[in-house]
There are 4 protein chains.
Amino acid sequence: MNSNRLEAFSDGVLAIIITIMVLELKVPHGTDLKELEPVLPVFLSYILSFIYVGIYWNNHHHMMHAVQKVNGGILWANLHLLFWLSLIPFVTGWLGENHFAELPMALYGVVLLMAAIAYFILQNRILAVQGKDSLLAKALGKDLKGKASPIIYIVAIIASFYSPWIAGALYILVALMWLIPDKRIEIIFKEKK
Amino acid sequence: MNSNRLEAFSDGVLAIIITIMVLELKVPHGTDLKELEPVLPVFLSYILSFIYVGIYWNNHHHMMHAVQKVNGGILWANLHLLFWLSLIPFVTGWLGENHFAELPMALYGVVLLMAAIAYFILQNRILAVQGKDSLLAKALGKDLKGKASPIIYIVAIIASFYSPWIAGALYILVALMWLIPDKRIEIIFKEKK
Amino acid sequence: MNSNRLEAFSDGVLAIIITIMVLELKVPHGTDLKELEPVLPVFLSYILSFIYVGIYWNNHHHMMHAVQKVNGGILWANLHLLFWLSLIPFVTGWLGENHFAELPMALYGVVLLMAAIAYFILQNRILAVQGKDSLLAKALGKDLKGKASPIIYIVAIIASFYSPWIAGALYILVALMWLIPDKRIEIIFKEKK
Amino acid sequence: MNSNRLEAFSDGVLAIIITIMVLELKVPHGTDLKELEPVLPVFLSYILSFIYVGIYWNNHHHMMHAVQKVNGGILWANLHLLFWLSLIPFVTGWLGENHFAELPMALYGVVLLMAAIAYFILQNRILAVQGKDSLLAKALGKDLKGKASPIIYIVAIIASFYSPWIAGALYILVALMWLIPDKRIEIIFKEKK
């Protein structure tokens, strides 16, 4: 199997994940501005999750760009990543519906943490095939962002039980950190051409 | 990343947006003709939104046709556009369920306005790469439709609070204005070949 | 725009239509065999609609196979077809939930009829570009099935109010008629190669 | 029609099936850990079904890799397979919501059994075109896993009524059996190149 197939399937799953989250925005029955109030926290958590899925889509393709052939290990590591990402609509809905309460805030972090670990496993599977001198290995370098994110998630999960707002701020921080596109990979692949 | 990837992902998201809107058409429990009455306004707003998403899909691809390479700025401008379009099922459902009341009518306009602005930003990001003498720049020309639409949306949002019907008429007007395919781009790209 | 883009988008929409129909199969709360009883008619109508969408997907691609370039008219004729097909989950759900009552049975036929008309319009738009001597025109020949289907739908819609079962039988008849793949097109295109 | 079209459509349907299952994870209203209790069995059955759909996607593409041209028989055999797979979200939801009760456990097996039969039919349709000396035929060999699975499903369906836990263990067993990627096909196709 070549990587196009895998990318197309992942694209499909990510497109569905990012779009069905909007179904958690329940249409209110009245027409008052007040009716939109319970929708607001769901909307805010929707924005955050939309950005996270966007980041994963973005990084996933930058990484897959470096892959030609896919073996069974990469394939299942990829499905494992999609599994955790598929839980984002669920935790987003729970978070929004409960106005950012402690437990939903922590669970949101758990899913982000598991997705980050799954991404890390996938990355290692690919590096195992490509070798330490590959373009991807060079592009990743020390992979500071990839290593910092899980640590911040763990801090945020613990912080959730003391102050959900700190946890929320940490999730936003990680998102901002990744929003800046991964110039390293772009630059190295440009040099290649 | 080349533009095919971006188009495929956008296609996926737009296909899902256009299709999940139909889930707002709740299956009535009885079998009387009367049972379909509450479905009618939802159906009408579904038609309007279907056309709007169709227009965006159409124009999006005409524009992307002119793009070869995608940078981080274009990528996030595109996700920003998809974000606002993803809210269309929500405002469509709210509009239909409340028989075109003032506030839902205004919010529908706000989402259309934000999508139009997002489209404008995306267009500018692409033009920034392509330059003022590019085919796309020529094809757009003065971009009268692109500039008129947001103004009409703003008028419609304000009008919603006085007469939702005028707002509705304005949304239909903009849709009709765009339904006429963008001959300019088609013509110029034909000349190219 | 070339036809690949249009096919990919239509594929996406059809894949979603065929799959979200299953959401109308509401998970029963108990575990008795009796609990599955209300699901049965929904399941039967799901099978019929699944086959119809499958037929449309099949014929759509056989037809699109003959198209290279897509103009604005073809594009909107295609979206018009997708619009009517997108209503199939709604009428399927209504039909199944009301145990094949008169009005849902008739409305099911109306949607099938409108989809058939939309398909006819799309076909004519394509033929207008390709000309009367094109492979597609030859492959269609007198297009007996294409002409018979809308007539049978109309009969079925009227019959719904006297005997929903006759209407149901007619819908099954049309489905069977089309299930036999369009050998004509396959044969003619094979000759071409 | 060539096989790319069929693969793209199947990819779309499988991506949607695997993702809409998550909608069965209903967002709880409270924020207690206790609120997650009823979600747990749904989550466990979601994991199992996610793996099953992943296996089908994996094997489907390994098989389709060997196909160049698709005829009407293959096309409908493929839709038949997708039909049974599309029921997985329904039986998964029923299974999870009833804490692995007898009847849902049996019905889960029935859907897996029908999908396995549908896969077998599709495989035979493809082999009929490719011939007994084809790479695919060699790759499949005696197809022990393909023949053992339906038998295990039948045993599990019967066992459901005595002990749902045995049935569950058998479903997990089959999943594990297939999780090991089909090395045979990979190896033979590698030799080809």
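Quick caveat, the model's predicted, so the values are computed rather than measured. (Residues numbered from 1 in each chain as written. Chains lettered and ligands numbered in written order. Predicted model: local features only at pLDDT ≥ 70, side-chain atom pairs only at ≥ 80, totals over all residues. Heavy atoms only, no water.)

> I'd like a rundown of the overall build of chain A, residues and numbers included.
Helix and strand counts for chain A come out as 9 helices and 0 strands. Listing every helix and strand of chain A by position from the N terminus yields α-α-α-α-α-α-α-α-α. The C-alpha atoms of chain A give 18 Å as radius of gyration, which agrees with the globular expectation for 193 residues (16 Å, within 12%). Taken along its principal axes, the extent of the C-alpha atoms in chain A is 60 × 35 × 30 Å. Taken across its 193 residues, chain A has 62% of its residues classed as buried. With 15 positive and 13 negative side-chain charges, chain A shows a spacing of 15 Å between the two charge centroids. (Helix = DSSP H or I, 4+ residues; strand = E, 2+ residues; numbered from the N terminus. Rg over C-alpha atoms; globule rule 2.2 N^0.38 Å. Buried < 20%, exposed > 50% of the residue type's maximum accessible area, 1.4 Å probe, protein only. Lys, Arg positive; Asp, Glu negative; His and termini not counted. Charge placed at Lys NZ, Arg CZ, Asp CG, Glu CD.)

> How would you sum up the layout of surface pockets? Please name residues and give values.
To find leftover empty space, a probe the size of one water molecule is rolled over the atoms. What the second largest pocket holds in volume is close to 1200 Å³. As for the second largest pocket, its lining consists of 38 residues, of which K26 of chain A, L23 and K26 of chain B, K26 of chain C together with K26 of chain D are closest to the centre. Of all elements in the fold, only α4 (88–97) of chain B, α4 (88–97) of chain C together with α4 (88–97) of chain D reach the threshold of two or more residues within the lining of the second largest pocket. When grouped by side-chain class, the residues that make up the lining of the second largest pocket number 22 nonpolar, 4 polar and 12 charged. (1 Å grid on protein atoms, 1.4 Å probe; cavity = no way out; pocket = protein on both sides within 12 Å on 5 of 7 lines; lining within 4 Å. Points joined across faces, edges and corners; volume = space filled by probe spheres on them. Nonpolar A, V, L, I, M, F, W, Y, C, P; charged D, E, K, R; others polar.)

> So what's going on with the relation of the copies chain A and chain B? Residues and values would help.
Least-squares fitting of chain A to chain B yields an RMSD of 0.0 Å, with the transformation described by 0.0 Å of translation along the axis and a rotation of 90 degrees. Here the transformation between the copies is reduced to the relation of a four-fold axis. Rotation axis and chain A: the residue whose C-alpha lies nearest the axis is G12 of chain A, separated from it by 4.5 Å. Mapped onto chain B, only 6% of the interface residues of chain A are again interface residues, and the two copies thus contact each other with different surfaces. (Least-squares fit on C-alpha atoms with pLDDT ≥ 70 in both. Contact = heavy atoms within 4.5 Å.)

> Give me the environment of F161 of chain C: which residues, what numbers.
All names here are of chain C. If you trace the backbone, F161 turns up in the loop between α7 (144–160) and α8 (164–179). For F161, a relative accessible area of 47% translates into the label partly exposed. Here the alpha-carbon distance between F161 and T92, two residues 69 residues apart in the chain, equals 18 Å.

> For helix α4 (residues 88–97) of chain A, give the residues involved together with the corresponding values.
Burial within α4 of chain A is extensive, with 9 of its 10 residues counted as buried. Taken as a whole, α4 of chain A has its buried residues at I88, P89, F90, V91, T92, G93, W94, L95 and G96 of chain A. Close packing links the buried residues of α4 of chain A with α1 (3–20), α2 (39–64), α3 (72–86) and α5 (102–130) of chain A together with α2 (39–64) of chain D. At the exit of α4 of chain A stands H99 of chain A, carrying a positive phi of roughly 50 degrees.

> Describe in detail the packing of aromatic side chains, supporting the description with residues and values.
All told, the structure shown has 37 aromatic pairs over all chains when counted by the stated rule. Measuring from centroid to centroid gives 5.1 Å for F83 of chain A and F50 of chain D, while their planes differ by 80 degrees, and the two rings are edge-to-face. Of this pair, F83 of chain A sits in helix α3 while F50 of chain D sits in helix α2, on two different chains. Taking relative accessible area as the criterion, F83 of chain A reaches 7% and is therefore assigned buried. Measuring from ring centre to ring centre gives 5.5 Å for Y46 of chain B and F83 of chain C, while their planes differ by 25 degrees; the resulting arrangement is stacked. Of this pair, Y46 of chain B sits in helix α2 (residues 39–64) while F83 of chain C sits in helix α3 (residues 72–86), each in a different chain. On the accessibility criterion, Y46 of chain B (1% relative accessible area) is buried. Grouping aromatic residues by their ring pairs yields a cluster made of F43, Y46 and F50 of chain A together with F83 and W84 of chain B. (Phe/Tyr/Trp six-rings, centres within 6.5 Å; stacked < 30°, edge-to-face > 60°.)

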